[in-house]
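Residue-level structural notes
The chain contents come next:
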Amino acid sequence: SVQNEVSLDLILPEDRRLRKICDTLINNPATNRTLSEWKELTGASDRTISRLFEKETGLTFQNWRTRLRLISSISELERKKSIQTIALNVGYSSSSAFIHSFKKEFNITPQQYILRNT
């Protein structure tokens, strides 16, 4: 199955400040706060957050958020929601941006994912 081919791993950081960010994003992947806008929630500077994200997850903050959004889209794909709806729900401004990002991450399009998992 494709699910075996599509890696849905996402490392969660240990740092409590980063966990606040991650919990917020997991509950609402479309949140578009920039690193500096997370300061009020975490009390940490954008540089600190950025450095810790890479250290604890192996990904930049932006890459981690993108991966979360794409992983979040899988359950919506499986529920046969429209690509446009899914794209907006997980924080993309257009379905084409979502499709491009999905294909870059998983080497298949969302449509191919749906077809292989039905």
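Residues numbered from 1 in each chain as written. Predicted model: local features only at pLDDT ≥ 70, side-chain atom pairs only at ≥ 80, totals over all residues. Heavy atoms only, no water.

**Here's the deal with the nonpolar core**
Ranked by internal contacts, the top residues of the largest apolar core, which has 15 residues, are Leu 70, Leu 77, Tyr 92, Phe 98, Phe 102, Phe 106 and Tyr 113. Listing elements by their share of this core, those giving two or more residues are helix H5 (61-78), helix H6 (83-89), helix H7 (95-106) and helix H8 (110-116). Considering every element that reaches this core, the biggest residue donor is H5, with 4 residues. (Core = buried A, V, L, I, M, F, W, Y, C linked by side-chain atoms within 4.5 Å. Buried < 20%, exposed > 50% of the residue type's maximum accessible area, 1.4 Å probe, protein only. Helix = DSSP H or I, 4+ residues; strand = E, 2+ residues; numbered from the N terminus.)

**Let's talk about H5**
A rise of 1.5 Å per residue sets the reference length of H5, with its 18 residues, at 26 Å; its end C-alpha atoms lie 27 Å apart and thus fit the reference within 8%. Counting buried positions over the 18 residues of H5 gives 13, a clear majority of the element. Phi turns positive, to about 60 degrees, at Lys 80, one or two residues after H5. (Expected span 1.5 Å × (residues − 1).)

**Brief notes about the packing of aromatic side chains**
All chains considered together, the criterion is met by 6 aromatic pairs. With 4.9 Å between their ring centres and 70 degrees between their planes, Phe 102 and Phe 106 make a pair best called edge-to-face. Here Phe 102 and its partner Phe 106 are both found in helix H7, 4 residues apart, which amounts to about one turn of the helix. Given a relative accessible area of 0%, Phe 102 falls into the buried group. Looking at Phe 106, the relative accessible area reads 8%, which means it is buried. An aromatic cluster is built from Tyr 92, Phe 98, Phe 102, Phe 106 and Tyr 113, whose rings are joined through pairwise contacts. Positioned above the aromatic ring of Trp 38, the side-chain terminus of Arg 33 is 4.7 Å from the ring centre. (Phe/Tyr/Trp six-rings, centres within 6.5 Å; stacked < 30°, edge-to-face > 60°. Lys NZ or Arg CZ within 6 Å of the ring centre and 35° of its normal.)

**What about the packing of helix H2 (residues 16-27) against H5?**
Contact geometry of H2 with H5 gives a least axis separation of 10 Å together with a crossing angle of 30 degrees. Regarding the angle of H2 to H5, the classification is roughly parallel. As H2 runs across H5, the sense of the crossing is right-handed. On H5, the residues touching Ile 21, Cys 22, Leu 25 and Ile 26 of H2 are Phe 61, Trp 64, Arg 65 and Leu 68. In terms of residue class, the contact of H2 with H5 is made up of 7 nonpolar, no polar and 1 charged. (Axes fitted to C-alpha atoms, helices over the stretch in contact; angles between N-to-C directions. Parallel < 35°, antiparallel > 145°, perpendicular 65-115°, else oblique. Left-handed = near helix turned anticlockwise from the far one by under 90°. Contact = heavy atoms within 4.5 Å. Nonpolar A, V, L, I, M, F, W, Y, C, P; charged D, E, K, R; others polar.)

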